[in-house]
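Architecture at a glance
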Amino acid sequence: MKKTGFYPIIHHQTNHISRLIRRLILVALWVFVSLIIFANIGFHLRWYSDNLVSLYLLLNLRPHADTQLFWLMGSLLIAVLGYGLYRWHQLTHTMGVTK
C-alpha cells in the first residue's frame, strides 16, 4: 500500500460574498489612500482649486504638508507597488502559471 503524505493545512474555500466584501473594502481603502496622495501632491505642486481645498477639508488634512511627509508617502507607494509586483511574479512562477 502506498503511503500518502500528511498535509496538516486545511484549505478552506471562502464563499463569493466574503470575497466580494473583502474586495470592496480593499478598493475603498485604496481609493481613500489615493485621494490623500493626490491631494498632498496637488498642494505640494501648488495646484490650488476649489475642489482640492474641498478635498482637504473633507479629509481633514493640513493645507501644506511637510516635505518629509510627501517623500515618505512616495517611498511607501513605491515600496508597496514593488512588493506587490514581486509577489505577483513569485506566485505566478511558483504556481506554474507562465506566459
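Residues numbered from 1 in each chain as written. Predicted model: local features only at pLDDT ≥ 70, side-chain atom pairs only at ≥ 80, totals over all residues. Heavy atoms only, no water.

Re the overall build of the protein
Broken down by element type, the protein carries three helices and zero strands. In the protein, the succession of α and β elements from N to C terminus is α-α-α. In the protein, once contacts between residues fewer than 6 apart in sequence are set aside, the share between residues at least 24 apart is 35%. Accessible area of the protein: about 9,300 Å², with a carbon and sulfur share of 70%. (Helix = DSSP H or I, 4+ residues; strand = E, 2+ residues; numbered from the N terminus. Contact = heavy atoms within 4.5 Å. Areas by Shrake-Rupley, 256 points an atom, 1.4 Å probe, with all protein chains shown as cover.)

Quick word on the nonpolar core
Within the largest apolar cluster, nine residues are counted, these being I36, I37, A39, F43, L52, L55, Y56, L59 and M73. Mapped by element, the contributors of at least two residues to this core are α1 (16-44) and α2 (50-59). When neighbours within four sequence positions are excluded, L52 is seen to be in contact with F38, A39, G42, F43 and W47. (Core = buried A, V, L, I, M, F, W, Y, C linked by side-chain atoms within 4.5 Å. Buried < 20%, exposed > 50% of the residue type's maximum accessible area, 1.4 Å probe, protein only.)

A short note on α2
Among all positions in α2, only L52, L55, Y56 and L59 are buried. Projected down its long axis, α2 shows its buried positions confined to an angular sector of 100 degrees, all on one face. Residues of α2 that are exposed and angled more than 90 degrees away from the buried face: D50, L57 and L58. (Arc of directions from axis to C-beta.)

Overview of the confidence of the model for the protein
Residues at a pLDDT of 70 or more form 77% of the protein, whose mean pLDDT is 78. The weakest mean pLDDT in the protein belongs to α2 at 77; the strongest belongs to α1 at 86. (pLDDT = per-residue confidence, 0-100.)

Description of α1
With 29 residues, α1 extends 42 Å between its outermost C-alpha atoms, agreeing within 8% with the 42 Å of an ideal straight helix rising 1.5 Å per residue. Residues of α1 that are buried include every one of I36, I37, A39, N40, G42 and F43, and no others. Downstream of α1 by one or two residues, R46 has phi in the positive range, about 65 degrees. (Expected span 1.5 Å × (residues − 1).)

Things to note about the packing of α1 against α2
Contact pair α1 / α2: the axes reach a minimum separation of 10 Å and the direction vectors enclose 130 degrees. In this view, α1 runs oblique relative to α2, as classed from their interaxial angle. The two elements α1 and α2 meet at a crossing, and its hand is left-handed. For the pair formed by α1 and α2, the contact residues are F32, L35, I36, F38, A39, N40, G42 and F43 on the first element and L52, V53, L55, Y56 and L59 on the second. Across the contact of α1 with α2, the residue classes break down as eleven nonpolar, two polar and no charged. (Axes fitted to C-alpha atoms, helices over the stretch in contact; angles between N-to-C directions. Parallel < 35°, antiparallel > 145°, perpendicular 65-115°, else oblique. Left-handed = near helix turned anticlockwise from the far one by under 90°. Nonpolar A, V, L, I, M, F, W, Y, C, P; charged D, E, K, R; others polar.)

Thoughts on unusual backbone geometry
Phi is positive for R46, which is not a glycine, with a value near 65 degrees. Structurally, R46 can be placed in the loop between α1 and α2.

What about a nonpolar patch on the surface?
The grouping of I17, I21, I25, L26, L29, W30, F32, V33, L77 and V80 at the surface amounts to a nonpolar patch, some 940 Å² of accessible area in total. Elements that contribute at least two residues to the nonpolar patch include exactly α1 and α3 (67-94). At eight residues, α1 tops the list of elements feeding residues into the nonpolar patch. For I21, the location among the structural elements is in helix α1. Owing to a relative accessible area of 46%, I21 belongs among the partly exposed residues under this scheme. (Patch = residues over 30% accessible without salt bridge, like charges linked within 9 Å, V, L, I, M, F, W, Y side chains within 5 Å. Salt bridge = Lys/Arg side-chain N within 4 Å of Asp/Glu carboxyl O.)

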